[in-house]
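# Inside the fold
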Amino acid sequence: MKDKPVILGKSYELTITGFSHQGEGIGRVNNFAVFIPGVIPDEKVRATITEVRKNYAKGQLEKIITSSASRVDTPCTFADHCGGCQLQHISYQKQLELKQKMVSDNLMKIGGINAEVQPTLGMEYPWRYRNKGHFHLDNVNGEVRFGFYEPGSHEFVPAKKSLIFSTVVNKLIDYLEEQLTIQEVEIYDRRIGKGYLRNIMIRESWATGQLMIIFITNEKGWKLDEVVKSLVEVFPQVVSVYQNINKSNKPMVLGEKFKLIRGQAFLEDTIGPYVFKISPQSFFQVNNQQTQVLYEKALEYARLTEEETVIDAYCGIGSIAIYFAAQAKKVIGIEVINEAIKDAQENAKLNKVDNVEFVAGKVEEWLPQWVKAGGRADVIVVDPPRKGCAPETLAAIVEARPEKVVYVSCNPSTLARDLKYLVKKGYGVREVQPVDMFPQTAHTEVVCKIVRNDKGFRD
């Protein structure tokens, strides 16, 4: 039997040479990859092996032997535990460089695409940018605490005063912890599947400062009147309170049923000059400022002249479609979630945009049928979930033969896979732009300019 390259529980010295999409440094022991959180490329470290798989191992940092010049002190005391901000130990400029390289490496290794990847577009102040948060709850020494789970586990980590949420949201969390404790609200215990209050979701409008609170409960009954009464008195900016019922034993945060308990049904927020109504289940990018940067770059890549028909696949509540409409002849948005389509239609009316049409359906089903019926688009914009585009969607894009495809992605790996297909089918990747939508984390958003290779088309 062949010896394993590394031994579980043993400590090794190694040099960090790579960086994973989850924000872990990658080193090698006996030419065997070891993934270690909390380290930076070019550092020499000592780590203990905590897990051994067939093709790689995971390690826990013991000691930094040679530190990177890009290492900084983490301003958040929970950075090493909660798993939310994996890159706080890295200077912001270095974070941007690592994300650029991550995108470039994925395109080459997965897609075989040697495209020019532009420097990552970052923020002037890369903190307190999130407009939405999902918070786990637990009882800690008889008191209710908000927090997160450690990466790869269900070990609860109390986390207060997070630096990626606004100071108002942090004050709201402090108050809710106090009131839920005073009112002796029963917190759901996922280990035994019993309890009342499971999670809390908070949305904040960056345009108005208004707040929406969603209490996720394990049963239909409403038991939080006293908590909500005191909450809205102390925080008048809480203008919308919902209950979400989730009886599932699965790890998903939200159930299907929402009930408006108090206040208005929507928040309003802005991206650039456009206003959007946001319901509890709406998909809305968590960073308003960087979303505008992303959409402006996507619009630049589309290079519209008010003569084009644009398809916005995976349109959500219509934000990209509405953003593109002023420079297009017509935009058609497609989204599988009926509630999102209703929101999109309302948002078009709110912004007085009359050259958009929103269709409820699966992109992979609607788009091929539309093409088969003779539909043709000049530009197709796709902004799929992390799993990327369905094969049927990619095939329909090719069949539609748009002059340009603008691909917005939150997952460089599936982006690379999908670009590989489009390149094989006669498209060229002209430019790739990472946008730092999630500072201090390993995640990045990417927008790509893809052009049909036929001669005579504008680039």
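Each chain has its residues counted from 1, following the order in which its sequence is written. It should be noted that, the model being predicted, local features are given only for residues of pLDDT at least 70 and side-chain atom pairs only at 80 or more, the latter also being counted only at that level, while totals for whole chains, interfaces and linings use all residues. In computing side-chain properties, one takes all heavy atoms of the structure into account and sets aside hydrogens as well as water.

### As for the overall build of the protein
Which entries qualify depends on this criterion: Going along the chain from the N terminus, every DSSP run of H or I of four or more residues is numbered as a helix, and every run of E of two or more is numbered as a strand. Put simply, the radius of gyration uses C-alpha atoms, and a globule should come to 2.2 Å times the residue count raised to 0.38. Burial classes: relative accessible area under 20% of the type maximum marks a residue as buried, over 50% as exposed, and values in between as partly exposed (1.4 Å probe, protein chains only). The contact criterion used throughout is that any non-hydrogen atoms of two residues lie within 4.5 Å. In short, Shrake-Rupley with a 1.4 Å probe defines the accessible areas, and a residue's cover is counted only from the protein chains shown. The charged-residue count follows a simple rule in which Lys and Arg add positive charge and Asp and Glu add negative charge, with His and chain termini not counted at all. Think of each charge as sitting on NZ of Lys, CZ of Arg, CG of Asp or CD of Glu.
Of the regular secondary structure elements, the protein holds nine helices and 21 strands. A compact globule built from 459 residues would reach a C-alpha radius of gyration of about 23 Å, and the protein, at 24 Å, matches this within 12%. With respect to the three principal axes, the spread of C-alpha positions in the protein is 65 × 60 × 45 Å. Across the 459 residues in the protein, those meeting the buried criterion constitute 54%. Within the protein, contacts between residues at least 6 apart in sequence are counted, and of these 63% link residues at least 24 apart. Summed over its atoms, the accessible surface of the protein is roughly 21,500 Å², and 48% of this surface lies on carbon and sulfur atoms. Of the charged side chains in the protein, 59 are positive and 56 negative, and the gap between their average positions amounts to 5 Å.

### Brief notes about the environment of Thr 77
The topology assignment puts Thr 77 in the loop between strand S5 (56–66) and helix H1 (92–111). Residues Thr 77 and Ala 159 lie 82 residues apart in sequence; the distance between their C-alpha atoms is 8.7 Å.

### Examining the pairing of strand S16 (residues 330–335)
Note the cut-off: Strand pairing is assigned whenever DSSP identifies at least 2 bridges connecting the two strands. Crossovers are described as right-handed under a simple rule: with the strands pointing away from the observer, the path leading from the first strand over the helix to the second runs clockwise.
Within S16, five of the six residues are buried, leaving the element largely enclosed by the surrounding structure. With five bridges connecting them, strand S15 (residues 309–313) and S16 associate as parallel partners. Residue pairing across strands places Ile 311 opposite Ile 332, the latter belonging to S16. Between the parallel elements S15 and S16, the chain passes through helix H5 (residues 319–325) in a crossover that is right-handed. Considered for its hand, the β-α-β crossover made up of S16, helix H6 (residues 338–350) and strand S17 (residues 356–360) is right-handed.

### Quick notes on helix H2 (residues 167–182)
To keep things clear, this is the line we draw: How far a helix is expected to stretch is found by multiplying one less than its residue total by 1.5 Å.
Between its terminal C-alpha atoms H2 stretches 23 Å, which fits the 22 Å expected from 16 residues at 1.5 Å a residue. Among all positions of H2, only Val 169, Asn 170, Leu 172, Ile 173, Tyr 175, Leu 176, Glu 177, Gln 179 and Leu 180 are buried. Buried residues along H2 sit against strand S6 (132–140), strand S7 (143–149), strand S9 (197–204), strand S10 (211–217), helix H3 (225–234) and strand S11 (238–245). Glu 184 occupies a position one or two residues after H2 and carries a positive phi of about 50°.

### So, the pairing of strand S2 (residues 24–29)
Judged by how many residues are buried, S2 sits mostly within the fold: five of six residues are covered. Sheet topology places strand S1 (residues 11–19) next to S2; three bridges connect them, and they run antiparallel. Each bridged residue has a counterpart across the sheet, and for Phe 19 the counterpart in S2 is Gly 25. Hairpin connection between S1 and S2: a loop of four residues separates the two successive antiparallel strands, and Gly 23 in this loop has a positive phi of roughly 85°. Sheet topology note: the S2/strand S3 (residues 32–37) ladder contains six bridges and is antiparallel. Bridged to Val 29 within S3 is Phe 32. Here S2 hands over to S3 after two residues, with Asn 30 in that stretch at a positive phi of 55°.

### Comments concerning the nonpolar core
Nonpolar side chains tend to gather and get buried jointly when the protein is soluble and globular. As a reminder of what qualifies: What makes a nonpolar core is a set of buried Ala, Val, Leu, Ile, Met, Phe, Trp, Tyr and Cys residues whose side-chain atoms join them at distances within 4.5 Å.
Ranked by size, the top nonpolar core spans 77 residues in total, and within it Leu 197, Ile 200, Phe 215 and Phe 324 carry the most contacts. Those residues in contact with Ile 200 that lie beyond four places of it in its chain are Gly 133, His 134, Phe 135, Leu 137, Phe 146, Leu 176, Leu 180, Ile 213, Ile 214, Phe 215 and Ile 216. Judged by nonpolar contacts, the second largest core, of 37 residues, contains Val 103, Val 117, Val 398 and Val 446.

### Some points on the packing of helix H7 (residues 363–372) against helix H8 (residues 391–400)
How we decide: The angle between two axes is taken between their N-to-C directions and runs from 0 to 180 degrees, where each axis is a line fitted to C-alpha atoms and a helix contributes only its stretch in contact. Note on terminology: angles under 35 degrees are roughly parallel, angles over 145 are roughly antiparallel, angles of 65 to 115 are roughly perpendicular, and the others are oblique. The hand of a helix crossing depends on one turn: near helix anticlockwise from the far one by less than a right angle means left-handed, and clockwise means right-handed. Basically, the charged four are Asp, Glu, Lys and Arg, the nonpolar ten are Ala, Val, Leu, Ile, Met, Phe, Trp, Tyr, Cys and Pro, and anything else, Gly included, counts as polar.
Two elements in contact, H7 and H8, have axes separated by 8 Å at closest approach and are oriented at 25°. Comparing the axis directions of H7 and H8 gives the class roughly parallel. Crossing angle aside, the handedness with which H7 passes H8 is left-handed. Along its contact with H7, which presents Val 363, Glu 364, Leu 367, Pro 368 and Val 371, the element H8 presents Glu 392, Thr 393, Ala 396, Ile 397, Glu 399 and Ala 400. Its residues assigned to classes, the contact of H7 with H8 shows seven nonpolar, one polar and three charged.

### Observations concerning the sheet that holds strand S8 (residues 156–158)
With respect to topology, seven strands assemble into an open sheet ordered S8-S7-S6-S9-S10-S11-S12, the strand pairing being mixed. The sheet is open, and its two borders are formed by S8 and strand S12 (257–263), each paired with just one other strand. For this sheet the average axis-to-axis angle between neighbouring strands, irrespective of direction, equals 35°. As paired strands, S9 and S10 are joined by seven bridges and run antiparallel to one another. Directly across from Asn 199, in S10, lies its bridge partner Ile 216. Each of S6, S7, S9, S10 and S11 touches H2; the most contacted strand, S7, lies at about 135° to it.

### Here's the deal with the sheet that holds strand S21 (residues 445–452)
Reading across the sheet, the seven strands line up as S17-S16-S15-S18-S19-S21-S20 and stay open at both edges, with mixed pairing between neighbours. Strands with a single pairing partner mark the edges of an open sheet, and in this sheet they are S17 and strand S20 (427–435). Taking the axes of each pair of neighbouring strands and ignoring which way they run, one obtains an average angle of 15° across the sheet. Sheet strands touched by H7: S15, S16 and S17. Its angle to S16, the strand with the most contacts, is close to 140°.

Geometric descriptors of this kind do not, in isolation, establish any biological role.
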